[in-house]
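Remarks on the overall topology
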Amino acid sequence: MKILVTGAAGFIGYHLSKRLVAEEHEVVGIDNVNDYYDVSLKESRLVELGIKKSDMAHLKGGVDGLNPNGSFRFYKLDLADRNRMEKLFEETAFDIVVNLAAQAGVRYSLENPHAYTESNVTGFLNILEGCRNTDVSHLIYASSSSVYGANEGMPFRTQDRVDHPVSLYAATKKSNELMAHTYSHLYNIPATGLRFFTVYGPWGRPDMAYYKFAELMREGKPIDVYNHGKMKRDFTYIDDIVESLVRLIPLAPQATDNDPVPARLYNIGRGEPVGLMEFIETLESELGMTAEKNFLEMQPGDVPATWADVEDLYASIDYRPKVNLDEGIARFATWYREYHL
């Protein structure tokens, strides 16, 4: 199949693109390669996908695509660039679109809110319009566990009300779900939204807590532990995320008499929350370092716990995560030492 992966230089987008190329799909990856975090890490991911670093400087906003091996073509392109997004969809007949590009991060949304509406709302609208005007058979898009906001009932279920977000990032992700549902209703676009729960692993995002902790420990600096360590997260290893995504691609939602809109939502996580202090101790053990801990109050926009009810997803794709916390952190630590040390 011909598959568009947005955010291909990002954490999940890189891993998914690599898997799809290995399975001999024709993958078009786009990314604006912004400086929200270390650009060199994004470029290194692209190198792993076959893009020569010497060629990256010549990319001019989607005008020229790099196609090193025939299976993966990359464009430096911003989702919010309406004209170039229209041209991309017009010139390339995608079978599948996997939208993983977004301005990520809860805390950064307090500092730079406009980046979130431009990428996550305007950019997503351009994706929906591209799907509407071409024969895309399945749109898969990233939502977030952040949409559950201050919900206290655990585990979080996709049937729960999610109309009380506690960050602008969460609000934009909820808007994606509403927009996708509307386009599915109006134009019969099969759409699957995925509420990701704390994805971690090699080639991860430096703004995520586990990566920041590793960096600070390496530099001999204290780590900030919010809510005095009384936090829980449903940590999900990247390989399990990618396996789930690959299995979802051929499962386009179908309209039925009971549910006439071909749109579905799933939680995508491990379904086993882990205490933050346990997570830190595992990371310390695998890195062979001990962190000096700076215990702080809860931060604005944050929540004390996440826990995914994932039974609907696992029933649909016949797959449950296989990588436990100890193994996942060990794999991250091995990669981290090879990449940074």
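Higher on the page you've got the structure.
The notes below deal with the structure included here.

What counts as what
Residues numbered from 1 in each chain as written. Predicted model: local features only at pLDDT ≥ 70, side-chain atom pairs only at ≥ 80, totals over all residues. Heavy atoms only, no water. 1 Å grid on protein atoms, 1.4 Å probe; cavity = no way out; pocket = protein on both sides within 12 Å on 5 of 7 lines; lining within 4 Å. Points joined across faces, edges and corners; volume = space filled by probe spheres on them. Helix = DSSP H or I, 4+ residues; strand = E, 2+ residues; numbered from the N terminus. Pairing = 2+ DSSP bridges. Axes fitted to C-alpha atoms, helices over the stretch in contact; angles between N-to-C directions. Contact = heavy atoms within 4.5 Å. Phe/Tyr/Trp six-rings, centres within 6.5 Å; stacked < 30°, edge-to-face > 60°. Buried < 20%, exposed > 50% of the residue type's maximum accessible area, 1.4 Å probe, protein only. Lys NZ or Arg CZ within 6 Å of the ring centre and 35° of its normal. Salt bridge = Lys/Arg side-chain N within 4 Å of Asp/Glu carboxyl O. Core = buried A, V, L, I, M, F, W, Y, C linked by side-chain atoms within 4.5 Å. Parallel < 35°, antiparallel > 145°, perpendicular 65-115°, else oblique. Left-handed = near helix turned anticlockwise from the far one by under 90°.

Section: the layout of surface pockets
Any empty space left between the atoms is revealed when a probe the size of a water molecule rolls over them. Approximately 190 Å³ is the volume attributed to the second largest pocket. As for the second largest pocket, its lining consists of Arg82, Met85, Glu86, Phe89, Glu90, Thr122, Leu125, Asn126, Glu129, Gly130, Asn133 and Thr134. Listed by contribution, the elements that provide at least two residues to the lining of the second largest pocket are helix H4 (82-91) and helix H6 (113-133). Of all the elements, H6 adds the most residues to the lining of the second largest pocket, at six residues.

Description of the sheet that holds strand S5 (residues 138-144)
With respect to topology, seven strands assemble into an open sheet ordered S3-S2-S1-S4-S5-S6-S11, the strand pairing being parallel. The open sheet has two edge strands, strand S3 (72-76) and strand S11 (263-268), and neither has a second partner. Here the strands of the sheet are splayed against their neighbours by 15° on average, with no regard to which way each runs. As paired strands, strand S2 (residues 26-31) and S3 are joined by five bridges and run parallel to one another. Bridge assignment links Val27 to a residue of S3, and that residue is Phe72. Sitting on the sheet, H4 touches strand S1 (2-6), S2, S3 and strand S4 (96-99), and the angle it makes with S2 is about 180°.

Remarks on the packing of aromatic side chains
Taken as a whole and assessed by the stated rule, the structure comprises 25 aromatic pairs. A ring pair is formed by Tyr148 and Phe197, whose centres lie 6.2 Å apart and whose planes are at 40°; its orientation type is tilted. Of this pair, Tyr148 sits in the loop between S5 and helix H7 (168-187) while Phe197 sits in the loop between strand S6 (191-196) and strand S7 (199-200), placing them 49 residues apart in sequence. Each member of the pair, Tyr148 as well as Phe197, is classed as buried. Considering the side-chain rings of Tyr211 and Trp335, the 5.9 Å spacing of their centres and the 70° angle between planes classify their relative orientation as edge-to-face. Here Trp335 lies in helix H12 (residues 325-340) and Tyr211 lies in helix H8 (residues 209-218), a separation of 124 residues in the sequence. Residue classification places Trp335 among the buried residues on the basis of a relative accessible area of 8%. An aromatic cluster of three or more residues is present, and its members are Tyr14, Tyr200, Trp203, Tyr210, Tyr211, Phe235, Tyr237, Phe279, Phe332, Trp335, Tyr336 and Tyr339. Looking at Lys42, its charged tip hangs above the ring of Tyr37, at a distance of 4.6 Å from the centre. Cation over ring: Arg132 sits above Tyr187, and NZ or CZ is 4.9 Å from the ring centre.

A closer look at the pattern of salt bridges
Overall, the coordinates contain 21 salt bridges when judged by the stated rule. When the shortest N-O distance is used, the salt bridge between Glu215 and Arg218 registers 2.9 Å. Of the two residues, Glu215 and Arg218 both sit in helix H8, three residues apart, roughly one turn of that helix. By sharing partners, the salt bridges in this structure join Arg19, Glu23, Glu243 and Arg247 into a single network.

Side note on the nonpolar core
Ranked by size, the top nonpolar core spans 75 residues in total, and within it Ile12, Leu16 and Phe196 carry the most contacts. The residues touching Ile12, leaving out its near neighbours within four places in the chain, are Leu100, Phe196, Val199, Ile238, Ile241 and Leu245. Among the nonpolar cores identified, the runner-up in size contains 24 residues, and Val28, Tyr75, Met85 and Phe94 belong to it.

Side note on empty space enclosed by the protein
Counting across every chain of the model gives one cavity of 30 Å³ or more. Roughly 30 Å³ of volume is contained in the largest cavity. Around the largest cavity, the lining residues are Thr236, Asp240, Ile241, Ser244, Ile268, Gly269, Leu313, Tyr314 and Pro321. Among the elements of the structure, helix H9 (238-248) and helix H11 (311-317) are those that each provide at least two residues to the lining of the largest cavity.

Things to note about the environment of Asp160
Residue placement: Asp160 occurs in the loop between S5 and H7. Between the alpha carbons of Asp160 and Leu128 there is a distance of 25 Å; along the sequence they are 32 residues apart. When residues no more than four places from it in sequence are discounted, the contact partners of Asp160 are Tyr148, Asn151 and Pro155.

Let's talk about the packing of H6 against H7
For the pair H6 and H7, interaxial distance at closest approach is 10 Å and the crossing angle is 15°. With respect to H7, the axis of H6 lies roughly parallel. When the axes of H6 and H7 are compared, the crossing they make is right-handed. Contact with H6, carried on its side by Pro113, Tyr116, Asn120, Val121, Phe124, Leu125, Leu128, Glu129 and Arg132, involves Leu168, Tyr169, Thr172, Ser175, Asn176, Met179, Ala180, Tyr183 and Tyr187 of H7 and no other residues of that element.

A few points about unusual backbone geometry
In the segment running from Met154 into Pro155, the intervening peptide bond is cis, with an omega of -5°. Of note, Pro155 is situated in the loop between S5 and H7. The backbone of Asn188 sits at a positive phi, close to 60°, despite the residue not being glycine. The backbone of Asn227 shows a phi angle near 55°, a positive value even though the residue is not glycine. Tracing the backbone through its elements, the reader meets Asn227 in the loop between strand S8 (223-225) and strand S9 (232-233).

Thoughts on the environment of Leu79
Following the sequence through the fold, Leu79 ends up in the loop between S3 and H4. Residues contacting Leu79, with those up to four places away along its chain left out, are Thr6, Ile30, Met85, Asn99, Ala101, Ser119, Gly123, Asn126 and Ile127.

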